[in-house]
Amino acid sequence: MNQVCYDSLNRQAEALLGGESNMIAAMANFSALINQTLPDLNWVGFYIKQDEQLVLGPFQGKVACARIPWGKGVCGTSAATDSTLRVDDVHQFEGHIACDSASNAEIVIPVHHAGEVIAVLDIDSPLHNRFSADDQQGLEILVKTLEIALFA
Ligand code: SME
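One numbering rule holds for all chains: residues counted from 1, following each sequence as written. Local features in this predicted model are restricted to residues of pLDDT 70 or higher, and side-chain atom pairs are both shown and tallied only at a pLDDT of 80 or more, whereas totals for entire chains, interfaces and linings draw on every residue. As a rule here, side-chain values cover all heavy atoms of the structure and leave hydrogens and water aside.

Student: Describe the overall build of the chain, naming the residues involved and giving the relevant values.
Tutor: Counting its secondary structure elements, the chain contains four helices and six strands. Helix and strand assignments follow DSSP, with helices taken as H or I runs no shorter than four residues and strands as E runs no shorter than two, numbered in order from the N terminus. Traced from its N-terminal end to its C-terminal end, the chain shows the element sequence α-α-β-β-β-α-β-β-β-α. Radius of gyration here uses only the C-alpha atoms, and the compact-globule reference equals 2.2 Å multiplied by the residue count raised to the power 0.38. Taking 15 Å as the expected radius of gyration for a compact globule of 152 residues, we find that the chain reaches 14 Å, a close match to that expectation. Viewed in the frame of its principal axes, the chain has a C-alpha envelope of about 40 × 40 × 25 Å. Residue contacts are counted whenever heavy atoms from the two residues lie within 4.5 Å of one another. Long-range pairs, those at least 24 residues apart, make up 53% of the contacts in the chain between residues at least 6 apart in sequence. Accessible area for the chain stands at about 7,500 Å²; split by element, carbon and sulfur atoms hold 49% of it. Accessible surface area values rest on a Shrake-Rupley calculation with a 1.4 Å probe, where residue burial reflects the displayed protein chains alone.

Student: Explain the site of the ligand to me, and be specific about the residues and the numbers.
Tutor: Being near a molecule or strand, for a residue, comes down to having at least one heavy atom within 4 Å of it. As a structural note, the neighbourhood of the ligand is formed by 13 residues, with Val74, Cys75, Ile97, Glu106 and Asp124 the closest of them. Identification of polar contacts relies on pairs of N or O atoms within 3.5 Å, with a donor-acceptor requirement for protein atoms, meaning one able to donate a hydrogen and the other able to accept it, and with residues adjacent in sequence counted only if both atoms are side-chain atoms. Asp122 places a polar side-chain atom, nitrogen or oxygen, 3.3 Å from an oxygen atom of the ligand. For the ligand, whose unbound accessible area comes to 310 Å², protein coverage reaches 99%. Elements that contribute at least two residues to the shell around the ligand include exactly β1 (43-50), α3 (73-81) and β6 (116-125). The leading source of residues in the shell around the ligand is α3, at three residues. Gly counts as polar in this scheme, as do all residues outside two lists: the nonpolar Ala, Val, Leu, Ile, Met, Phe, Trp, Tyr, Cys and Pro, and the charged Asp, Glu, Lys and Arg. Its residues assigned to classes, the shell around the ligand shows eight nonpolar, two polar and three charged.

Student: Residues and numbers for the state of the cysteines, please.
Tutor: As used here, a disulfide is simply a covalent bond connecting the sulfur atoms of two cysteines. Two cysteine sulfur atoms form a disulfide, by the criterion used here, when they sit within 2.5 Å. Under the definition given, this model contains zero disulfides. Cysteine Cys75 remains unbridged, with the sulfur of Cys65 as its closest cysteine sulfur at 7.5 Å.

Student: If you had to explain α3 to someone new, which residues and values would you point to?
Tutor: Note on classification: 1.4 Å probe, protein chains only; a residue is buried when its accessible area is under 20% of the maximum for its type, exposed when over 50%, partly exposed between these limits. Taken residue by residue, α3 has Gly73, Val74, Cys75, Gly76, Ser78 and Ala79 as its buried positions. Summarising the contacts, the buried residues of α3 are in contact with β1, β2 (53-61), β3 (67-69), β4 (85-87), β5 (105-113) and β6. Positioned one or two residues after α3, Asp82 has a phi angle of 45°, which is positive.

Student: A description of the packing of aromatic side chains should follow, citing residues and the corresponding values.
Tutor: Pairing of aromatic side chains here covers Phe, Tyr and the six-membered ring of Trp, requires ring centres within 6.5 Å, and sorts the geometry by plane angle: under 30 degrees stacked, over 60 edge-to-face, intermediate tilted. Enumeration over the complete set of coordinates arrives at three aromatic pairs. Taken together, a centroid distance of 5.9 Å and an interplanar angle of 20° make the contact between Trp43 and Tyr47 stacked. The buried category is assigned to Trp43, whose relative accessible area is 2%. With a centroid separation of 5.1 Å and 15° between ring planes, the pair formed by Trp43 and Phe59 is classed as stacked.

Student: Describe the packing of helix α1 (residues 6-17) against helix α2 (residues 23-37), with residues and values.
Tutor: α2 packs onto α1 with a crossing angle of 150° between their chain directions and a minimal axis gap of 10 Å. Overall, the two elements α1 and α2 adopt an arrangement that is roughly antiparallel. Here the hand of the crossing between α1 and α2 comes out right-handed. The residues of α2 that touch α1, namely those facing Leu9, Gln12, Ala13, Leu16 and Leu17, are Ala26, Asn29, Phe30, Leu33 and Thr37. When its residues are assigned to classes, the contact of α1 with α2 shows seven nonpolar, three polar and no charged. Axis lines are fitted through C-alpha atoms, for helices just across the contact stretch, and the angle between N-to-C directions can take any value from 0 to 180 degrees. The scheme is simple: roughly parallel for angles under 35 degrees, roughly antiparallel for over 145, roughly perpendicular for 65 to 115, oblique for anything else. Here is the rule for handedness: rotate from the far helix to the near one, and if that takes an anticlockwise turn smaller than a right angle the crossing is left-handed, while a clockwise turn gives right-handed.

In structure tokens:
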């Protein structure tokens, strides 16, 4: 099973990101940490808000679409509704934007600054039903660690 110790991962993230307020550096290492720790992933990275779009940020994985309109796809919907979206089968998500045909499940978590969504963390898996409620809870805490490193 995909048992990840999120407490330990969060401590690693705090140590890795502590004192690093540069968004590119922090997001790059954050995506690498998740990619090297969580099993069965094929893409991990950020889309960053710019005007009314999301623009590709630091990531690990295959090349991906560079821009996503606000409110479109899983990422744009998560950003526009300021909610985590956990999708068991992306092919059942209307408007899903397929960047890597290997992806079957996805979780997208908003990143905030001053109460506004400024980016999303997007994680894809080739496995259906890859992300559990425990994964969601652990990843949301990790994103809070990133927010604190960037903006506290
Ligand atoms: N599937 C996403 C697009 C980004 S890629 O998965 C890297 C979406 O529907 O928003």
